[in-house]
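# Summary of structural features
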Amino acid sequence: MAALFTDRESGLQKKILAGVALAAVIVPGIAAAAELRGEGLSGWWGIPFAGLLLSIALCPLLTPQFWHHHYGKIAAAWSLGFLIPCALFFGVPVAASGAVHAFLAEFIPFIILITALFVVAGGICVRGNLHGTPALNTGILAIGTVLASFMGTTGAAMLMIRPIIRANDNRRHAAHIVVFFIFLVANAGGSLTPLGDPPLFLGFLKGIDFFWTVQHIFPETLFLCTALLLIFYALDSYYYHRREEIMPVDPTPDSRIWFEGKVNFLLLAAVVSLVLMSGFWKPGIEFSVMGTPVELQNLLRDLLLLVVIGLSLKITPASARAGNDFSWGPIAEVGKLFAGIFLTIIPVIAMLRAGEAGAFGAVVRAVTGPSGQPIDAMYFWATGILSSFLDNAPTYLVFFNTAGGDPQQLMTTLASTLAAISCGAVFMGANSYIGNAPNMMVKAIAEERGIRMPSFFGYMAWSVVILVPLFILMTFLFFR
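Everything in this summary refers to the structure shown in the same document. For clarity, every value in this text was computed on a predicted model and none was experimentally measured.

### Notes on the environment of Val214
Note that Val214 resides in helix 8 (residues 212–216). With relative accessibility at 31%, the residue Val214 sits in the partly exposed group. Counting along the chain gives 139 residues from Val214 to Arg353, while the straight-line C-alpha distance between them is 27 Å.

Listed below in structure tokens is the structure:
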């Protein structure tokens, strides 16, 4: 974890973390029952959360250089924008208890898993090259889509993007290939397990069963992925058979495919096994830190995932990581931003849990029918639209809590509502470059390799023409 906070920008965040840890040691019982209640909170308490999400969405577009150098400070500033007023108005115990809960119960398990998948996948380098025909490209997209649910959308995207670019570097039109790669591998493919996409892992941390998603949203996933693969095959065939499509010289001639860093496949299996272990093994042993329960199975999972990270870094050949252009930059950014997200979302979740008595009663009413039952179609589109432009993980949390936040109820009587929230968060993260973290990473790699990618609004034109009609059809098929 120390590798995530190595540059100067993270100094303030380290002080915040140190303060939280110190408070947990000095006053372990003082805030055992302290909790921020949402009934009397004004909607203004949501400003730090909204401000951070808007910063994530707009700053990379409007002030890219400033954002690149100062995003850690911006996240810390918004975090303090909640923590300091909370301590002043409700007391230090309430603020400290909320921060400890956010880090121990959510942020630390989340970032350790994301880091493990990132490091392990970053150690598998696909060497060699094949000829990028429509059939082969569709096959690569299908394989990447399946892998995304087991090694995460980020891991699968980083593993597969360079091979598919190499396979098509003798073609004049390749941007559409990368666009569909983002649709499928970087988003829709991660919908079947908590390993696939951060929103689903947050649901797992909240108590959703590991196999719930594959049992309840497999039809939606199959429909969307199959439709996208068929559309892609037709479009790629159109380009492929144009007379001027194939360049006279292939920059990377065909050669056999082989993997460097294969030991990471075993470590990937270890990651999956550890997450499964934490979901099925319930020894009933837990520790309490300022009112936050820390269960033994989760603590053991996170410690062993850190061991997996260390092993991968130690035994993976340096040439494999070099072949993937591996760096800590992306995961460092995720770590810093999500530290801020998990802190600033505390009052938002409290207000949503208050239901119609809270400041966000209008949101609750908008997704609730006259009889008090949730409207699944509204949950699908509300979660999806926000996930298109804000990060899909906190958006999932917002609507998870809007629907009550009780995992047992959401998995049973409200299963269709949780399915709508899950599909909206995962699928519609593909609607824009900023909807899901791998989107921008894939775009950057493609442009680095000479592919002229659509602009921000150009990409959205693709999603409006291709994805939105499919989402409308899915609404009538699955979320009526």
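### Looking at the packing of helix 4 (residues 92–122) against helix 10 (residues 263–280)
With their axes 9 Å apart at the nearest point, helix 4 and helix 10 run at an angle of 160 degrees to one another. Taken together, helix 4 and helix 10 sit at an angle that is classed as roughly antiparallel. Helix 4 and helix 10 meet at a crossing whose hand is left-handed. Residue-level inspection shows Leu113, Ala116, Leu117 and Val120 of helix 4 in contact with helix 10, the latter providing Asn264, Leu267, Leu268, Val271 and Val275.

### Digging into the packing of helix 4 against helix 11 (residues 296–315)
Two numbers describe a pair of packed helices, the interaxial angle and the distance between the axes. Following both chains from N to C, one finds helix 4 and helix 11 inclined at 25 degrees, their axes separated by 9 Å at the closest point. The angle between the axes of helix 4 and helix 11 places the two elements in the roughly parallel class. The hand of the helix 4/helix 11 crossing is left-handed. Here Pro109, Ile112, Leu113, Thr115, Ala116, Val119 and Val120 of helix 4 come into contact with helix 11, specifically with Arg301, Asp302, Leu305, Leu306, Val308, Ile309, Ser312 and Leu313. The residue makeup of the contact of helix 4 with helix 11, split by class, is 11 nonpolar, two polar and two charged.

Conventions we followed
Residues numbered from 1 in each chain as written. Predicted model: local features only at pLDDT ≥ 70, side-chain atom pairs only at ≥ 80, totals over all residues. Heavy atoms only, no water. Helix = DSSP H or I, 4+ residues; strand = E, 2+ residues; numbered from the N terminus. Buried < 20%, exposed > 50% of the residue type's maximum accessible area, 1.4 Å probe, protein only. Axes fitted to C-alpha atoms, helices over the stretch in contact; angles between N-to-C directions. Parallel < 35°, antiparallel > 145°, perpendicular 65-115°, else oblique. Left-handed = near helix turned anticlockwise from the far one by under 90°. Contact = heavy atoms within 4.5 Å. Nonpolar A, V, L, I, M, F, W, Y, C, P; charged D, E, K, R; others polar.

Taken by themselves, the reported measurements are silent on function.
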